[in-house]
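As a plain string of letters, each chain reads:
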Amino acid sequence: MSKFNPISGNLMFDALKNDKTIIMACNTRITKGIVKGIFKAAKKTDSAVIMELAKSESDLSGGYTGLKPKDYAQITKEIASEVAFDIWSLHADHLTIKKGTPEEIDEMKKLIDAQVSAGFTSFALDASFLFDFNGKTVEEELQKNIEVTVELADYIKEKMNGKEFGLEVEVGEIGKKNEQGMVLTTPEEAVAFINELNKRGVFPNVIGIANGSTHGNIYDENGKPIEQISIDIEQTISVAEAMKKEGFNTRIAQHGITGTPRELIKTKFPSESILKGNVGTLWQNIFYEVIKATKPELYSEIVEWTLTNFKETAEKKGCKSEIEILGKYIKFAVGAKNDQGKFIFFDKIYSLDKNTEKALEARAYSEAVMFFEAFHASGSAGKVRDFIKRTA
Ligand SMILES: [Zn+2]
């Protein structure tokens, strides 16, 4: 085993759970140049880092990144080894169960099998959609989420066969809105959820909550890109404090950070409560920004394809500008296949010239350094190394 293979997420979370550090988790939907830039930044600042893709982004047929779990694992492991960076985990983000049917759960188990054999070291079970609005108590409302989370957590444990792993769970659908605005997770919900999981032998390291963030790029009512300042910091602290008061070892995983001003993160985020911070769409934005300059023809083709395929859907869903449509739907281009099942853009994207790759790497490097700074993560890898030595 290479000493640059991913370490168990559990070790990283345990080592840093009482630290003022947010571990950056990167959904690198396009790995070209970007993963290397991030790993180099992690090495330079000695920051623990997580590479992750959600089920929608990477499943047994490739998801919308076109990468199967084994492809993503192979690419990230190769680059970690090339850069010689050791403190990173390979995480399965949003293993989303939407209905909770036996078929859906069986499908998920197959994906978990593939992730385990590819060497994933951390998993996020997301059954937050299974909320029972007719439940009379918080426990009743969460019953289905609890059952599915326990079943799949036990399954991962069995498949990992004694190997430690990181575990993330989710309560409250991220980005959900009603007439009053964003629907936020309450401290009571989080406590009841973790309590029920603990009773059943499941001890998550982190929990994703609905706290006012939205996944991906965000826009105003005219379709103009805006910064994200909607994360409810007070609510986040209340949830984290309520869990600490119970003595839980579960901290918060902040989803949907793209678009949040880094000075706000650095100065206002409760980094002693948030342990994992997901940055996804930003890396994709960088990719398109770079190829727009270095490969304008390919960029135009992708833009054209996105607008042709998604303009109607996007407008129905309320998108107001071309920028907004692209910002929300261009993600489907990389893994897109034609009628013959052949990739449309994937091969071009993964055979970009050296200069483009260098530009991607440099942009990712600089963004990652700024994030590690904002996340108070510099030096965190050393703390994880010490923790591993102490507990070995
Ligand atoms: Zn998320």
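Every value quoted in this text rests on a predicted model; they were computed, and no experiment measured them. (Residues numbered from 1 in each chain as written. Predicted model: local features only at pLDDT ≥ 70, side-chain atom pairs only at ≥ 80, totals over all residues.)

**Brief notes about the overall build of the protein chain**
Formally: Segments assigned H or I by DSSP are reported as helices when at least four residues long, segments assigned E as strands when at least two residues long, and all are numbered from the N terminus. A radius of gyration in this sense is built from C-alpha atoms; the matching globule rule multiplies 2.2 Å by the number of residues raised to 0.38. Burial in this document is a count-based property: other C-beta atoms within 10 Å of a residue's C-beta are tallied, and the residue is buried at 20 or more, exposed at 12 or fewer, or partly exposed in between, with C-beta positions derived from the backbone. Throughout, a pair of residues is in contact if the C-beta atoms placed from their backbones lie within 7 Å.
Within the protein chain one finds 14 helices and ten strands. Against the 2.2 N^0.38 benchmark of 21 Å for 392 residues, the protein chain shows a C-alpha radius of gyration of 20 Å, consistent with a compact globule. Counting only C-alpha atoms and orienting by the principal axes, one finds that the protein chain spans roughly 55 × 50 × 45 Å. Counting the 392 residues in the protein chain, one finds 46% classified as buried. Put simply, of all contacts in the protein chain between residues at least 6 apart along the chain, 78% involve residues at least 24 apart.

**Comments concerning the environment of Met243**
The residue Met243 is located in helix H7 (residues 233-245) in this model. With 23 C-beta atoms packed within 10 Å, Met243 lands in the buried category. Note: C-alpha distance between Met243 and Asp86 (157 residues apart in sequence) is 31 Å. Every residue in contact with Met243, bar those within four places of it in the chain, is listed here: Ala190, Val191, Ile194, Phe248 and Thr250.

**Regarding the pairing of strand E10 (residues 274-279)**
Going by this rule: Two strands are said to pair when DSSP picks up at least two bridges between them. The crossover handedness rule: strands pointing away from the viewer, path from first strand over the helix to second strand clockwise, crossover right-handed.
Most of E10 is tucked away, with six of its six residues classed as buried. Pairing analysis gives four bridges linking strand E1 (residues 23-27) to E10, with the strands arranged parallel. Bridging from a neighbouring strand, Met24 pairs with Gly277 of E10. In this structure, strand E9 (residues 251-254) lies alongside E10, joined through three bridges in parallel fashion. Of the residues in E10, the one forming a bridge with Ile252 is Ile274. For the segment spanning E9, helix H8 (residues 262-268) and E10, crossover handedness is right-handed.

**Regarding the environment of Lys276**
With respect to the secondary-structure elements, Lys276 resides in strand E10. Among the residues examined, Lys276 registers 31 C-beta atoms within 10 Å and is labelled buried.

**Examining H7**
To be explicit about the condition: Between the first and last residue of a helix there are one fewer steps than residues, each counted as 1.5 Å, and that sum is the expected span. For this quantity, the arc is that covered by the directions from the helix axis to the C-beta atoms.
If you check H7, its first and last C-alpha atoms are 18 Å apart, about what 13 residues at 1.5 Å a residue would give, namely 18 Å. Every buried residue belonging to H7 is among Thr236, Val239, Ala240 and Met243, and all of these are buried. Taken around the axis of H7, the buried residues stretch over an arc of 95 degrees, which confines them to a single face. Seen from the buried face of H7, the exposed residues on the opposite side, beyond 90 degrees, are Glu234 and Lys245. Looking at the packing, one finds that the buried side of H7 touches helix H6 (187-199), strand E8 (206-209) and E9. Gly247 occupies a position one or two residues after H7 and carries a positive phi of about 80 degrees.

**Things to note about the sheet that holds strand E2 (residues 49-54)**
Put simply, the rule is: In this description, a line fitted to the C-alpha atoms serves as the axis of each element, helices being fitted only across the stretch in contact, and the angle between N-to-C directions of two axes falls anywhere from 0 to 180 degrees.
Spatial strand order, E1-E2-E3-E4-E5-E8-E9-E10: eight strands in a closed barrel with parallel pairing. Taken pair by pair, the neighbouring strands of this sheet meet at an average axis angle of 25 degrees, ignoring direction. Contacting strand E5 (166-171) and E8, H6 crosses the sheet at an angle of about 135 degrees to E5.

**Brief notes about unusual backbone geometry**
Unlike most non-glycine residues, His94 shows phi in positive territory, near 30 degrees. Relative to the assigned elements, His94 resides in strand E3 (residues 88-96). Although it is not a glycine, His376 adopts a positive phi angle of roughly 50 degrees.

**Brief notes about helix H5 (residues 138-160)**
What counts is decided by this rule: A residue's bend is the angle separating two fitted axes: one through the seven residues that end there, the other through the seven that start there.
Taking 1.5 Å as the rise per residue, H5 with 23 residues should run 33 Å; its terminal C-alpha atoms sit 32 Å apart, in good agreement. Of all bends in H5, the biggest is about 40 degrees, found at Lys144. Inspection of H5 places Leu142, Asn145, Ile146, Val148, Thr149, Leu152, Ala153 and Ile156 among the buried residues, and these make up the whole buried set. Where the residues of H5 are buried, they touch helix H4 (102-118), strand E4 (122-126), E5 and H6. Of the residues one or two after H5, Asn161 is the one with positive phi, at around 50 degrees.

**Here's the deal with the packing of helix H2 (residues 34-45) against helix H3 (residues 69-83)**
Rules: Note on angle classes: values under 35 degrees are labelled roughly parallel, values over 145 roughly antiparallel, values of 65 to 115 roughly perpendicular, and the remainder oblique. Two helices cross in a left-handed way if the nearer one is turned anticlockwise from the farther one by less than a right angle. They cross in a right-handed way if the turn is clockwise.
Taken N-terminus to C-terminus, the directions of H2 and H3 make an angle of 45 degrees; their axes are 10 Å apart at the nearest point. For the element pair H2 / H3, the angle class is oblique. Once H2 is placed against H3, the crossing between them reads as right-handed. Contact residues: H2 offers Val35, Lys36, Phe39, Lys40 and Lys43, while H3 offers Ile75, Thr76, Ile79, Ala80 and Val83.

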